[in-house]
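# Reading the structure
Residue strings, one per chain:
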There are 2 protein chains.
Amino acid sequence: MEKKMQFNPELAEIKTYEGGKPIELVMREYGIKEEEIVKLASNENPNGVSPKVVEAVQNSAHKMFMYPDDAMVTLKSGLAKQFGVTQENLIIGAGSDEVINFAIRAKANPTQKVLTAGVTFAMYDIYAKQIAAPVIKTTSQQHDLAEFLALYKANPDIAVIFLCLPNNPLGESLSRAEVYEFIAQVDTETLVVVDGAYQEYASYKDSDYKIDPSDLIATFPNTLYLGTFSKAYGLGGMRVGYGIGAKEVIDTLYKVRPPFNVTTLSLVAATTALEDQAFVNEAVALNFSEMERYETFAKENKIDFIKSYTNFITLIFNENLNSKEVAQLLLKKGIIVRDLTSYGVNAIRITIGTPTQNSKFFETFTKVLTA
Amino acid sequence: MEKKMQFNPELAEIKTYEGGKPIELVMREYGIKEEEIVKLASNENPNGVSPKVVEAVQNSAHKMFMYPDDAMVTLKSGLAKQFGVTQENLIIGAGSDEVINFAIRAKANPTQKVLTAGVTFAMYDIYAKQIAAPVIKTTSQQHDLAEFLALYKANPDIAVIFLCLPNNPLGESLSRAEVYEFIAQVDTETLVVVDGAYQEYASYKDSDYKIDPSDLIATFPNTLYLGTFSKAYGLGGMRVGYGIGAKEVIDTLYKVRPPFNVTTLSLVAATTALEDQAFVNEAVALNFSEMERYETFAKENKIDFIKSYTNFITLIFNENLNSKEVAQLLLKKGIIVRDLTSYGVNAIRITIGTPTQNSKFFETFTKVLTA
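Summarised in this report is the structure supplied together with it. The model shown is predicted, which means the values in this text are computed figures rather than measured ones. (Residues numbered from 1 in each chain as written. Chains lettered and ligands numbered in written order. Predicted model: local features only at pLDDT ≥ 70, side-chain atom pairs only at ≥ 80, totals over all residues. Heavy atoms only, no water.)

### Brief notes about the overall build of chain A
How we decide: Secondary structure counts use DSSP, requiring at least four H or I residues in a row for a helix and at least two E residues in a row for a strand, with both numbered from the N terminus. For the radius of gyration, the atoms used are the C-alpha atoms, and the globule rule reads 2.2 Å times the number of residues raised to 0.38. For every residue, the accessible area (1.4 Å probe, protein chains only) is compared with the maximum for its type, and the residue is labelled buried under 20%, exposed over 50%, or partly exposed between those bounds. For this analysis, residues touch if any pair of their heavy atoms sits within 4.5 Å. Computed with the Shrake-Rupley method and a 1.4 Å probe, the accessible areas treat only the protein chains shown as cover for residues. The sign given to each residue is positive for Lys and Arg and negative for Asp and Glu; His and the chain ends receive no count. Charge positions come from single atoms, namely NZ of Lys, CZ of Arg, CG of Asp or CD of Glu.
Check the secondary structure of chain A and you find 14 helices and 13 strands. A compact globule built from 371 residues should have a C-alpha radius of gyration of about 21 Å, and chain A, at 21 Å, falls within 12% of that. Expressed as a percentage of the 371 residues in chain A, the buried residues total 61%. For chain A, the share of sequence-separated contacts (at least 6 apart) that also reach a separation of at least 24 residues comes to 73%. For chain A, the accessible area works out to roughly 14,200 Å², and carbon and sulfur atoms hold 50% of it. Counting 36 positive and 45 negative side-chain charges, chain A places the centres of these two groups 4 Å from one another.

So, in structure tokens, the structure goes:
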């Protein structure tokens, strides 16, 4: 091109998202065999996929030529039953990520701001940047509702508040009572998004921390609850999440939804996964029994950690350890974890794996610490 | 809610997209058995899915818990080889739809307009409306490049031009020579999108109509070529399409791409489909031999049609027939076609089906005509 093509100016500042290193890349870069690599970086379900879901998808594979049912009646019917809401309260996204994007595009803009915790899910920021909507963050890294409220009162142009409960990538959560007390003080014109991607874990660990979407939206019609099939349901690769809200909120989000945003096989997978609650329960129970091993390990090694309501644990290092270096040393030995340097934290986030994977982590991490 | 929540004002005018009626709905509404329904409404491949693709997806079903390879190295490598471009020239979307959305969001805005044919793919309009970018349309329904050029010269604020070649839902196309001559007269600052969703059909029918993406982007670095796996490749349900452009264009589109926008199984399906060109060739050849039956049928019944370079044919009615009524009468007899009333045309679009499906259409349509 003779001169550089001009694009919309708000894009200039956006850095392209880079996900965790895939296993293939680690194999190539470090010459490690696939079976020796332990990926604890993406909060995937270490138990894999429910065998019932595998079977259902295999039996539907011949339908791939057909466009998905864009009304998503079957999946919505399952979700409506699961959560005690109506289909009008539901919107399905390509991951709950996409519903975050819908919410931001529907309600935020260059003069209508977004409020989030200091360290939280990266996509709130990314989708806000794409439409040049300013993001205000608490100075506290974890969710501090007193600071949320102070910032909200001080900034009348906040239009969307994201509460990531439990919080990714730190792992902390808040009780239902605290959350309700906070939302009661927010204007009904402000959209409060409760991102419950890890709620299956939090509600198992402590029932006081369970946010029930049906009760939430009935109590506060200005809320939107998000859930996902990517974590406890074992479908990270299929990109299915959902938003639950009042009909008017959902109707508006539908206006920015692209048609056919969930694949034919993803609909089959999610519908079947929802019916196999035994698979979910088993994964969640195993998660917390293995979590105890991580807590014990961290205490023994005098490493701080955040009490986690999720399927990962975040280890916080002091000045003697650099999280970027630690993650790099682990990577060379075939263990993939998430370094949180880019979030401004000297910490690593480790997905709770299978017992064997976790043992391998403890063994390798000990070697790294003593090297 | 005490008062109605306010959302971004540009959303007020957006009507939620409604796709074609799914088979399940027709079964319920008209009490017709599934095996008696013939869906010729969504331009799906009547030959279904390649058996090789079915097998590959079945063998990968256990990987659904893993996030997709977000770099999409394997699929990009296949596409790069297929089209003689590099991976840097490629972006993969959840259908080519999503790449249309990326292009509009990257380059259009409330003061930077979009130019399209009078009757063309609905998503250009829908995505432009979502960001309040004005759309200028030619008065000519089909692509008339003289009118495109006149409108372009008269409106210096046109930033994106969409050429849908062949055009959905009308079916006409343009020769490579005509397209190149037009683009040569467009400023290099304007993005020209050549939507080649049906190019596998057009290039089979007439090699002069083939647009080669590698040559296109080398000749005109301000172009973006779109392709899809939804039509000839038989994967409408898996939502995989691609954009091919100069590195700078692709890099910018990447900034508005959501991460993990294509599922793990969709990547497997598309990669395998690309390797089974025999399946594509067979579907395209069958399409045009069956198309002849439709042309003969239309002539016999004195119904106008547009010469089609696609896998569908558009029948244009005179004042004696109303397309909405005809589509409704066909629906009651189990034949689903697309009425084009909402496009401002008294016409129906019929996907070329299998020989049996097409015979059923001729038989039923004759009954409707003589009723």
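From this point, the discussion proceeds with the structure in view.
### Overview of the interface of chain B and chain A
Worth spelling out the cut-off: Accessible area that two parts lose when put together, evaluated with a 1.4 Å probe and summed over both, is termed the buried area. Salt bridges are defined as contacts in which a side-chain nitrogen from Lys or Arg sits within 4 Å of a carboxyl oxygen from Asp or Glu. Counting of polar contacts relies on pairs of N or O atoms within 3.5 Å, with two restrictions inside protein: one atom must be capable of donating a hydrogen and the other of accepting it, and residues adjacent in sequence are counted only when both atoms are side-chain atoms.
With 76 residues of chain B at the contact, the number on the chain A side is 76 residues. For the pair chain B and chain A, the summed buried surface comes to about 6,700 Å²; carbon and sulfur atoms form 60% of the total. Among the residues chain B hides against chain A, the three largest losses belong to Met 64, Tyr 67 and Lys 255 of chain B. Together they make up 11% of the total. Across the contact surface, chain B and chain A share zero salt bridges. Put simply, chain B and chain A have 34 residue pairs in polar contact (both at pLDDT 80 or more) between them.

### What to know about the pairing of strand β5 (residues 158-164) of chain A
All names here are of chain A. Rules: Strand pairing follows a simple DSSP-based rule, namely that at least 2 bridges must link the two strands.
For β5, the buried fraction is high: seven of the seven residues fall into the buried class. Examined bridge by bridge, strand β3 (residues 113-116) and β5 share three bridges and lie parallel to one another. Following the sheet pairing, Leu 115 is matched in β5 by Ile 161. Of the pairings in the sheet, the one linking β5 to strand β6 (residues 191-195) comprises five bridges and is parallel in character. Bridging from a neighbouring strand, Val 160 pairs with Leu 191 of β6.

### Thoughts on the relation of the copies chain B and chain A
This is how it is decided: For this overlay, a least-squares fit was computed on C-alpha atoms, restricted to residues scoring pLDDT of at least 70 in both copies.
Aligned on chain A, chain B shows an RMSD of 0.0 Å; the corresponding rotation is 180 degrees and the shift along the axis is 0.0 Å. Classification of the inter-copy transformation places it as that of a two-fold axis. Proximity to the rotation axis, assessed at the C-alpha, singles out Gln 58 of chain B in chain B; its C-alpha lies 2.4 Å from the axis. The residues that chain B uses at the interface reappear at the interface of chain A in 100% of cases, marking a shared surface.

### Some words on a negative patch on the surface
Residue and element names in this part refer to chain A. What counts, and what does not: Candidates for patches are residues over 30% relative accessible area with no salt bridge; among them, like charges are joined within 9 Å and nonpolar side chains (Val, Leu, Ile, Met, Phe, Trp, Tyr) within 5 Å.
Among the surface-exposed residues, Glu 24, Glu 34, Glu 35 and Glu 36 lie close enough to one another that they form a single negatively charged patch. Looking at the element boundaries, Glu 24 is found in helix α1 (residues 23-30). Classification of Glu 24 as partly exposed rests on a relative accessible area of 43%.

### Some remarks on the packing of aromatic side chains
For any pair of aromatic rings, the description consists of the separation of the ring centres together with the inter-plane angle of the planes. Definition in use: A pair of Phe, Tyr and Trp rings is counted when the ring centres sit within 6.5 Å of each other, with Trp represented by its six-membered ring. The angle between the planes then sorts it: under 30 degrees is stacked, over 60 is edge-to-face, the rest tilted. Charge over a ring is defined by NZ of Lys or CZ of Arg lying within 6 Å of the ring centre and within 35 degrees of the ring normal.
All told, the structure shown has 43 aromatic pairs over all chains when counted by the stated rule. Between Phe 229 of chain A and Tyr 242 of chain A the ring centres are 5.8 Å apart and the planes differ by 65 degrees, which places this aromatic pair in the edge-to-face class. Of the two residues, Phe 229 of chain A is situated in the loop between β7 (223-228) and β8 (241-245) and Tyr 242 of chain A in strand β8; the sequence distance between them amounts to 13 residues. Residue classification places Phe 229 of chain A among the buried residues on the basis of a relative accessible area of 1%. Residue Tyr 242 of chain A is classed as buried on the basis of its relative accessible area, which comes to 1%. Chaining the aromatic ring pairs together yields one cluster made of Tyr 294, Phe 297, Phe 317, Phe 361, Phe 362 and Phe 365 of chain A. Note that Arg 349 of chain A overlies the ring of Phe 312 of chain A, its terminal NZ or CZ placed 5.5 Å from the centroid. Of note, Lys 107 of chain B hangs over the ring of Phe 7 of chain A, and the distance from its end group to the ring centre comes to 5.5 Å.

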